Amino acid sequence: DTGVSQDPRHKITKRGQNVTFRCDPISEHNRLYWYRQTLGQGPEFLTYFQNEAQLEKSRLLSDRFSAERPKGSFSTLEIQRTEQGDSAMYLCASSQGFSGDTQYFGPGTRLTVL
Amino acid sequence: DAKTTQPTSMDCAEGRAANLPCNHSTISGNEYVYWYRQIHSQGPQYIIHGLKNNETNEMASLIITEDRKSSTLILPHATLRDTAVYYCIAPNTGGFKTIFGAGTRLFVKA
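Everything in this summary refers to the structure shown in the same document. (Residues numbered from 1 in each chain as written. Chains lettered and ligands numbered in written order. Predicted model: local features only at pLDDT ≥ 70, side-chain atom pairs only at ≥ 80, totals over all residues. Heavy atoms only, no water.)

Scanning chain A for helices and strands turns up zero helices and eleven strands. In sequence order, the secondary structure elements of chain A are arranged as β-β-β-β-β-β-β-β-β-β-β. Its C-alpha atoms put chain A at 40 × 25 × 25 Å along the principal axes. Out of the 114 residues in chain A, the part that is buried amounts to 48%. Sequence separation of 24 or more characterises 54% of the internal contacts of chain A that already satisfy a separation of 6 or more. On chain A, roughly 5,700 Å² of surface is accessible, and the fraction owed to carbon and sulfur atoms is 44%. On chain A, the mean spot of the 14 positive side-chain charges and the mean spot of the 13 negative ones are 6 Å from each other. (Helix = DSSP H or I, 4+ residues; strand = E, 2+ residues; numbered from the N terminus. Buried < 20%, exposed > 50% of the residue type's maximum accessible area, 1.4 Å probe, protein only. Contact = heavy atoms within 4.5 Å. Areas by Shrake-Rupley, 256 points an atom, 1.4 Å probe, with all protein chains shown as cover. Lys, Arg positive; Asp, Glu negative; His and termini not counted. Charge placed at Lys NZ, Arg CZ, Asp CG, Glu CD.)

In structure tokens, the structure reads:
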């Protein structure tokens, strides 16, 4: 068990560019979550997957945000046409999917949009 | 998710017990109480969770009131490395839209 990993750890981009982040969950976990965290705030839920199915995406911040988990393993979060307001920490978590479901978080990807 | 309320910040002397309160008066019968902590620039770290009974693990103890409307996380012998933001959450088991508030910023002082 190597824990949840995220790549890259830091990303600096210019406004208007597209960015993609990757999350590798704990291997036997079938649920995967994405969160955004801005300075001084708690993590903000964005979306989650049960295996490859995206079961909740209403909290994605705009249609510029999309997430995939094509084979039920790793996931990607893409932000198109980035804006300065997208600068934040993007966190991924995974869980086994049982009742009383503990989520384990990765280290996050810090995005800076110039 | 049940709404949770925590103090904004707390201080604790090194070596003493840190008692972090959380109110979750709207919690439903099947919602667990979870505690996480986040050290600056890292992802949240799971600490402990419980439903009705008090729980203890190697990191902390969780005391849940009988009516389940509040709980207390206890760090029995706080160290400087316990300085962090502590989050109390009660995620909805149906919707999985876990809601974190701003948490409690705990400062452990030497």
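There's plenty left to go through after this.
So, about the environment of glutamine 6 of chain B. Residue and element names in this part refer to chain B. Inspection of the secondary structure puts glutamine 6 in the segment before β1 (9-13). Among the residues examined, glutamine 6 registers a relative accessible area of 16% and is labelled buried. In contact with glutamine 6, not counting residues within four places along its chain, are Pro21, Cys22, Trp35, Tyr86, Tyr87, Cys88, Gly103 and Thr104. Among the polar contacts listed, one links the side chain of glutamine 6 to the backbone nitrogen of cysteine 88, at a separation of 2.9 Å. A polar contact of 3.5 Å, which involves the side chain of glutamine 6, links it to the side chain of threonine 104. (Polar contact = N/O pair within 3.5 Å; in protein donor to acceptor, adjacent residues only side chain to side chain.)

Counting 21 residues, the largest nonpolar core has Trp35, Leu73, Tyr86 and Leu106 of chain B as the members making the most contacts within it. Once residues lying within four places of it in the same chain are set aside, the contact partners of leucine 73 of chain B are Ala18, Asn19, Leu20, Trp35, Ile47, Ile48, Ala60, Ser61 and Tyr86 of chain B. (Core = buried A, V, L, I, M, F, W, Y, C linked by side-chain atoms within 4.5 Å.)

It is worth spelling out the sheet that holds strand β2 (residues 18-23) of chain B at this point. Residues and elements named next belong to chain B. Taken together, four strands build an open sheet; the order of strands is β2-β7-β6-β5 and the sheet is antiparallel. Unpaired on one side and paired on the other, β2 and β5 (55-56) mark the two borders of the sheet. In terms of strand pairing, β2 meets strand β7 (residues 70-75) through six bridges, oriented antiparallel. If you follow leucine 20 over to β7, its bridge partner there is leucine 73. (Pairing = 2+ DSSP bridges.)

So, on to the interface of chain A and chain B. Counting residues at the interface gives 25 residues for chain A and 18 residues for chain B. Where chain A abuts chain B, roughly 1,700 Å² becomes buried across the two surfaces, and 54% of that area is made up of carbon and sulfur atoms. Here the element with the most residues in the side of chain A that touches chain B is strand β4 (residues 31-37) of chain A; it accounts for four residues. When its residues are assigned to classes, the side of chain A that touches chain B shows ten nonpolar, ten polar and five charged. (Buried area = accessible area lost by both parts, 1.4 Å probe. Nonpolar A, V, L, I, M, F, W, Y, C, P; charged D, E, K, R; others polar.)

All names here are of chain A. Here we have four strands laid out as an open sheet, ordered β1-β3-β8-β7, and antiparallel in their pairing. The sheet terminates laterally at β1 (5-7) and β7 (65-68), the two strands that pair on one side only. Across the sheet, the axes of successive neighbouring strands diverge by a mean angle of 15 degrees, strand direction being ignored. In terms of strand pairing, β1 meets strand β3 (residues 19-24) through three bridges, oriented antiparallel. Within the sheet, the bridge partner assigned to glutamine 6 lies in β3 and is cysteine 23. (Axes fitted to C-alpha atoms, helices over the stretch in contact; angles between N-to-C directions.)

With that out of the way, let us pick up the packing of aromatic side chains. Residue and element names in this part refer to chain A. Applying the stated rule across the entire model yields 17 aromatic pairs over all chains. Judged by centre distance (5.5 Å) and plane angle (20 degrees), the rings of tyrosine 33 and tyrosine 48 are stacked. On the criterion of sequence distance, the pair formed by tyrosine 33 in strand β4 and tyrosine 48 in strand β5 (residues 44-50) is long-range, its members being 15 residues apart. Considered together, tyrosine 33 and tyrosine 48 belong to a single accessibility category, that of buried residues. (Phe/Tyr/Trp six-rings, centres within 6.5 Å; stacked < 30°, edge-to-face > 60°.)

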